Amino acid sequence: MNTQASDRIIIFDTTLRDGEQSPGATLNVEEKLTIARQLARLGVDVIEAGFPFASPGDFEAVTKIAQQVGTPDGPTICGLARATKQDIEAAAKALAPAAKPRIHTFIATSDIHLEYKLKKTRQEVLQIAPEMVAYAKSFVDDVEFSPEDAGRSDPEFLYQVLEAAIAAGATTVNIPDTVGYTTPAEFGALIKGIKDNVPNIDRAIISVHGHNDLGLAVANFLEAIKNGARQLECTINGIGERAGNAALEELVMALHVRRQYFNPFLGRPPESEAPLTRIDTRQIYKTSRLVSNLTGMLVQPNKAIVGANAFAHESGIHQDGVLKHKLTYEIMDAQSIGLNDNQIVLGKHSGRNAFRTRLKELGFELSEQELNRAFLRFKEMADKKKEITDRDLEAIVNDETQQAPELFKLEHVQVSCGDHARPTATVIIRTPNGEELMDAAIGTGPVDAVYKAINRVVNVPNQLIEYSVQSVTAGIDALGEVTIRLKHNDRIFSGHAANTDIIVASAMAYMSALNRLSASLQSGKVLHPQHDAAQPVG
Ligand code: KIV
Ligand code: ZN
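Note that the structure is a prediction, hence the values are computed from the model and not measured.

What counts and what doesn't
Residues numbered from 1 in each chain as written. Chains lettered and ligands numbered in written order. Predicted model: local features only at pLDDT ≥ 70, side-chain atom pairs only at ≥ 80, totals over all residues. Heavy atoms only, no water. Donors = N, O, S within 2.8 Å, 3.2 Å for Na, K, Ca; no water. Helix = DSSP H or I, 4+ residues; strand = E, 2+ residues; numbered from the N terminus. Buried < 20%, exposed > 50% of the residue type's maximum accessible area, 1.4 Å probe, protein only. Pairing = 2+ DSSP bridges. Right-handed = clockwise from strand over helix to strand, strands pointing away. Axes fitted to C-alpha atoms, helices over the stretch in contact; angles between N-to-C directions. Contact = heavy atoms within 4.5 Å. 1 Å grid on protein atoms, 1.4 Å probe; cavity = no way out; pocket = protein on both sides within 12 Å on 5 of 7 lines; lining within 4 Å. Points joined across faces, edges and corners; volume = space filled by probe spheres on them. Near = heavy atom within 4 Å. Polar contact = N/O pair within 3.5 Å; in protein donor to acceptor, adjacent residues only side chain to side chain. Areas by Shrake-Rupley, 256 points an atom, 1.4 Å probe, with all protein chains shown as cover. Nonpolar A, V, L, I, M, F, W, Y, C, P; charged D, E, K, R; others polar. UniProt positions renumbered as here; feature names shortened; annotations may be inferred. Expected span 1.5 Å × (residues − 1). Salt bridge = Lys/Arg side-chain N within 4 Å of Asp/Glu carboxyl O.

1. Some thoughts on the coordination of the zinc ion (ligand 2)
Within the protein, the atoms that donate to the zinc ion (ligand 2) are Asp18 (OD), His209 (NE2) and His211 (NE2), at distances of 2.0 to 2.1 Å. Between the donor residues of the zinc ion (ligand 2), the gaps in sequence give the motif D-x190-H-x1-H. With Asp18 in the loop between β1 (10-13) and α1 (29-42) and His209 in strand β7 (residues 205-210), this pair connects stretches of sequence that are 191 residues apart. The buried category is assigned to Asp18, whose relative accessible area is 0%.

Pasting the structure below:
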């Protein structure tokens, strides 16, 4: 794979780094690996796997992704590092097993960041940036440099820093709109200015990175492409810091659906059919669901491309038009993002082989142990639900691959409720030291009663800030998926579970969030790449 190609767009996915900076989106190592494998199937060129210096967990995740996903025919694996020796050394070490490692180092260039965050002069930044690029280059050939807050930096200073970084060996220069401040015309002009004013720019790929504070990140990137950007840094479902990052699925589908419009900007004839990215668009929907389930970040129903309503036609006029000719109201086919017609594939009598084969067809590669667990869940479900669809299978597998640490284990949950009863729940929970504890509580409703009973056993103070239940498929026997978010000392933890019984799913989702919370209380602080003070250089 050639990530240096200039006649197509390089997709750099930062779901596991910037996406994971979303409040509550914290993923553990196994979950990051699961997402990384799916990103490789999706066909991204570069996976930014994490910030290795931030915590032992991040270091381990980057190492494992480098080992298991960063194979010679797999994507480039990238690690983030502030412009300091310690960060760069940690990134180099974590990335060592990757066939194609990339170090991404950054330092802010806007006056506001220099004065208040870094407390450094422009001269100092102009010296540190190339020094640290050269240091990164002593470990790997592929070095990306980002001038943080480029969108609010003085362009003349930005040109100088970029020139110095490229001269020191940066092969990609990434232009971040860190605070989502620029508008499309401004961002396009910024990229053009860089192309016109950085003398050695032809020696590097221009990349863009942007946040969605004003909802403009995708529009900004499309203008950037027209002005010479060839790498897009984006996340699945647009998750990320604050309002999130530019959404991968929106960028890819805009380039796919409007290929004729974008072709000339890449020097191709308008009618060229060659894809503009390497993405297998049919993997988009599945990737979106996986990331949403594992991070607990729900996708809004009207979200472009992957929202539940994105392909639904509600008004009579639209339905009539679509029935007469699809193209009257549809600019893309639901199947192009992998949304199939929800076929009934398996049932009660389906055996292990049929189950394994269908999962394989859906792109899931499970270990023997995972397959056994998933098959048990499938059999349990098939007893309750006659028709098991692909969406159900995805929910089972996503649930089984969600690896919240199981410190506390729910052994039993039972509720009694009704219009004349006081909702009462009884739970039995196995504690980390193997004890089985039983407790009961009364609540305003059955879920409240269950959560109160669980709290009496687990006893970790928290505030439930979001509870959502969605059905996986249509029908009265559908699987219910519960996603919750809870808060403890200003940190957010999410949990997710699916079951035909929504009370059981609610209890399991709550346990999963509580287990994440408890595990984090046992582990150390995680550094934030942008907010935590920079380490001294040297
Ligand atoms: O938003 C930002 O500026 C970043 C950089 C580290 C690229 O995430
Ligand atoms: Zn960012």
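2. Some details on the pairing of β1
On β1, burial covers both faces: Ile10 and Phe12 on one face and Ile11 and Asp13 on the other are all buried. The pairing of β1 with strand β8 (residues 231-234) spans four bridges and is parallel. From the neighbouring strand, Asp13 faces β8, where its bridge partner is Cys234. Two strands pair when backbone bridges link them, and β1 and strand β2 (residues 46-50) are joined in this way by two bridges, in the parallel orientation. By the bridge assignment for β2, Phe12 is matched with Val46. Remark: the β1/α1/β2 crossover connection has right-handed handedness.

3. Focus on the sheet that holds strand β12 (residues 424-430)
Strands sit in the order β11-β12-β13 across an open sheet of three strands; the sheet is antiparallel. Taken across any chain shown, the strands that pair with only one partner, and hence form the sheet edges, are β11 (409-416) and β13 (436-442). Within the sheet, the average angular offset between the axes of one strand and its neighbour, ignoring direction, is 15°. Where β11 and β12 come together, seven bridges link them in antiparallel fashion. Its bridge partner lying in β12, Val415 is registered against Ala425. Contacts from helix α16 (residues 446-458) reach β11, β12 and β13, with the element oriented near 140° to β13. Where helix α17 (residues 502-522) meets the sheet, it contacts β11 and β12, and its direction lies at approximately 140° from that of β11.

4. Topic: the layout of surface pockets
Of the volumes computed, that of the largest pocket is approximately 1100 Å³. Residue lining of the largest pocket: 40 residues in total, with Glu20, Thr26, Leu27, Arg491 and Val526 positioned closest to the centre. Counting only elements with at least two residues in the lining of the largest pocket, the list comes to α1, α2 (56-68), β16 (491-499) and α17. The element contributing the most residues to the lining of the largest pocket is α2, with five residues.

5. Comments concerning the site of ligand 1
In the neighbourhood of ligand 1, the contacting residues comprise Arg17, Asp18, His104, Phe106, Ser146, Glu148, Asn174, Pro176, Thr178, His209, His211 and Gln530. Residue Thr178 places a side-chain N or O atom 2.6 Å away from an oxygen atom belonging to ligand 1. With respect to ligand 1, the side chain of Gln530 contributes an N or O atom lying 3.2 Å from an oxygen atom. Here ligand 1 loses 100% of its free accessible area of 260 Å² to cover by the protein chains. Its residues assigned to classes, the shell around ligand 1 comprises two nonpolar, seven polar and three charged.

6. Side note on the UniProt feature "binding site: Mn(2+)" (unreviewed entry) in the protein chain
Per the UniProt record, the feature "binding site: Mn(2+)" (unreviewed entry) sits at Asp18, His209, His211 and Asn245. These annotated residues cover 228 residues of sequence, but their C-alpha atoms sit close together, with the largest distance between any two at 10.2 Å. Position of His211 among the secondary structure elements: in the loop between β7 and α8 (217-226). Other than its neighbours up to four places away in sequence, His211 contacts Asp18, Asp177, Thr178, Gly180, Ala217, Glu241, Arg242, Gly244 and Asn245. Separated by 3.1 Å, the side chains of His211 and Asp18 make a polar contact. Positionally, Asn245 belongs in the loop between β8 and α9 (248-257).

7. Thoughts on α17
Relative to the 30 Å expected for 21 residues at 1.5 Å per residue, α17 spans 30 Å between its end C-alpha atoms, a close match to the ideal helical length. Of all the 21 residues making up α17, 15 are buried; the element is thus mostly covered by neighbouring parts of the structure. Among the residues of α17, the N-terminal cap falls to Asp501, whose side-chain oxygen and the backbone nitrogen of Ile503 are separated by 2.8 Å.

8. Description of the sheet that holds β16
The strand order across the open sheet formed by three strands is β14-β15-β16, and the pairing between neighbours is antiparallel. On the outer flanks of this sheet lie β14 (463-471) and β16, each paired with one strand and no other. Ignoring strand direction, the axes of neighbouring strands in this sheet form an average angle of 15°. Both strand β15 (residues 480-488) and β16 contribute to a ladder of nine bridges, which runs antiparallel. Considered in β16, the bridge of Gly480 is made with Asn499. The strands touched by α17 within the sheet are β14, β15 and β16, with β16 carrying the most contacts at an inclination of about 145°.

9. Brief notes about the pattern of salt bridges
Tallied over the full model, the rule gives 32 salt bridges. A salt bridge links Glu148 to Lys117; the shortest N-O distance between them is 2.8 Å. With a gap of 31 residues between them, Glu148 in strand β5 (residues 142-148) and Lys117 in helix α4 (residues 111-118) connect regions that are remote in the sequence. Given a relative accessible area of 4%, Glu148 falls into the buried group. Assessed through its relative accessible area of 30%, Lys117 is described here as partly exposed. Across the salt bridge formed by Arg430 and Glu411, the nearest N and O atoms sit 2.9 Å from each other. Remark: Glu411 occurs in strand β11 and Arg430 occurs in strand β12; sequence separation between them is 19 residues. Classification of Glu411 as partly exposed rests on a relative accessible area of 33%. What emerges from the salt-bridge pattern is a single network uniting Lys409, Glu411, Arg430 and Glu436.

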